[in-house]
Amino acid sequence: MRQFSVDESLCIGCGLCHERAPDNVEIPPGAAAARVTLQPRTDEEEEACEEAADYCPTGGIHEVSGDMSASTPDDEKSLAENLDAAAS
Amino acid sequence: MATIEEVLTPVRTLWKFDYGTHNKALRDLYEVAKKEQWNAATDVPWDREIDTSGDILDPRQDMFQDFDFVKALPDDQRTELSVRRAAWTLSQFLHGEQGALLCCGQLVEVVPDIDGKLYAATQVVDEARHVEVFYRYIQRLDRVYPIDPNLQAVINAILQADLWQMKCVGMQVIVEGLAMGSFKIMKEGTRDELLRKIVELTAMDEARHVSYGLIYMKDELPRMPDPDRERVEDFALMAVQTMVNSGRGSGGQSSQAALFADLDIDMAAAVTEVQEKMADPEFRAQRPNAFRDYVIPQLLRLGIISDRTAPQYREMGFEV
């Protein structure tokens with residue numbers, strides 16, 4: 001399965017990537033840029049992430065080589081913390 | 001400045017009687033556009049005063065601040081020039097937004113499918129809102145300055161282009177990409193909260209506009225006959241060359257002459273310094289560059305910068 005990442009220096013936080021790949025890309029509350037919070041696990045998610053990358057207006061979403069899954073739990077934890085913080 | 005100018009355009013208007021969705025990505029973008037509309041009259045904090053005590057433009061974006069002829073000015077004149085410079089720059093965005101309004105009105109007519117027409121219709125409203133918001137801000141800041149002749153030449157070329165793909169690349173990828181990147185830089189650097197809010201809202205709209213160009217052209221360009229695709233490549237090169245050269249002292253600087261009226265500036269020396277500094281690759285490399293960061297990469301991804309045209313982009317200093 002292909003892996004993706006966001007170049008935060010390019011991202012303007014428009015959220016179009018989240019519209020395309022809602023299960024994988026988020027703009028955490030309070031953040032200015034999007035993050036890949038969960039690498040694709042299915043063909044559908046992979047296709048959605050590819051679309052998000054292809055149609056990203058800043059060109060800020062890239063396919064990355066190597067296994068990014070190690071970072072996934074941290075990213076998920078971080079997102080959950082941010083959501084909790086926003087809720088409180 | 002004449003308040004009305006006529007441009008004759010060869011628009012080939014297309015009806016489409018198949019109303020079904022054929023490009024889901026475009027239809028999805030249309031849905032996002034409907035959700036993300038905002039009101040320039042009520043969603044902008046117009047009750048805030050403009051703060052002219054600090055930098056209105058990002059100091060990295062306002063190259064004048066590094067010029068000797070500006071540094072030599074008394075404080076009050078330097079502040080006055082900074083305000084005028086911001087108004088001039090924002091005036092170019094105002095005129096660019098009107099140009100986008102006109103071009104996007106054409107896109108509604110010329111694109112061949114209903115998904116593209118519906119989305120373009122939302123963009124027409126976006127552009128109207130941008131004209132409204134920038135005009136209102138500039139009026140409070142200083143006054144509207146005339147359009148830069150090179151910017152107008154590019155927009156007129158887009159309006160007069162006979163292929164809809166030229167219009168789409170020229171406006172949606174190049175002009176909108178430049179605006180989106182510039183607003184990001186402006187948002188990060190301005191000290192004025194009112195302008196920050198305006199460019200933040202506007203950049204979100206511009207992002208959709210660029211995405212529209214990417215969605216459409218990703219599918220369309222590979223389908224085009226070679227001669228037509230080469231015409232699109234040449235058109236993109238012309239647009240980039242014209243706008244880049246404008247920023248480097250051809251036309252663009254002369255159109256800023258009105259900024260210097262009543263200030264103690266030696267115009268000949270100022271023009272020489274501007275042209276020398278803008279010809280210096282190191283000086284340019286130190287500054288944020290929306291062309292380099294947001295326009296050229298997208299043209300590369302779409303394959304619009306080909307082996308045939310790449311050398312001319314390199315001559316402009318782009319790594320392609």
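Chemist: How should helix H2 (residues 43–54) of chain A be read in this particular structure?
Modeler: Because each turn of an α-helix spans 3.6 residues, side chains separated by three or four positions in sequence point in the same direction. Residues and elements named next belong to chain A. Between its terminal C-alpha atoms H2 stretches 16 Å, which fits the 16 Å expected from twelve residues at 1.5 Å a residue. Of the positions making up H2, those classed as buried are Glu45, Glu46, Ala48, Cys49, Ala52 and Ala53. For H2, the arc enclosing every buried residue in end-on projection is 160 degrees, short of the 170-degree limit, so these residues lie on one face. Seen from the open side of H2, the exposed residues pointing more than 90 degrees away from its buried face are Asp43, Glu44 and Glu47.

Chemist: What should I look at first to understand the interface of chain B and chain A in this one?
Modeler: How big an interface is tends to be reported as the loss of accessible area on association of its parts. Listed as interface residues are 20 residues of chain B and, on the opposing side, 17 residues of chain A. For the pairing of chain B and chain A, the buried interface totals around 1600 Å² over both sides, and the portion due to carbon and sulfur atoms is 57%. With a shortest N-O distance of 3.2 Å, A:Glu19 and B:Lys35 are connected by a salt bridge. Inspection of the chain B/chain A interface yields ten residue pairs in polar contact (both at pLDDT 80 or more). Listed by contribution, the elements that provide at least two residues to the side of chain B that touches chain A are helix H1 (24–35), helix H6 (164–189), helix H7 (193–223) and helix H11 (290–302) of chain B. With nine residues, H7(B) is the largest single contributor of residues to the side of chain B that touches chain A. Class assignment of the residues belonging to the side of chain B that touches chain A gives a composition of eleven nonpolar, two polar and seven charged.

Chemist: Where do I start with the pattern of salt bridges in this structure?
Modeler: Pairs can form between side chains of opposite charge whenever their charged atoms are close. All names here are of chain B. The final tally for this structure, using the stated rule, is 28 salt bridges over all chains. Of the charged contacts, one joins Arg231 and Asp162 as a salt bridge, the two residues approaching to 2.8 Å between their closest N and O atoms. Residue Arg231 is located in helix H8 (residues 226–247), and its partner Asp162 is located in the loop between helix H5 (149–160) and H6; the two are separated by 69 residues in the primary sequence. Exposure remark for Arg231: the relative accessible area of 35% places this residue in the partly exposed category.

About the cut-offs
Residues numbered from 1 in each chain as written. Chains lettered and ligands numbered in written order. Predicted model: local features only at pLDDT ≥ 70, side-chain atom pairs only at ≥ 80, totals over all residues. Heavy atoms only, no water. Helix = DSSP H or I, 4+ residues; strand = E, 2+ residues; numbered from the N terminus. Expected span 1.5 Å × (residues − 1). Buried < 20%, exposed > 50% of the residue type's maximum accessible area, 1.4 Å probe, protein only. Arc of directions from axis to C-beta. Contact = heavy atoms within 4.5 Å. Buried area = accessible area lost by both parts, 1.4 Å probe. Salt bridge = Lys/Arg side-chain N within 4 Å of Asp/Glu carboxyl O. Polar contact = N/O pair within 3.5 Å; in protein donor to acceptor, adjacent residues only side chain to side chain. Nonpolar A, V, L, I, M, F, W, Y, C, P; charged D, E, K, R; others polar.

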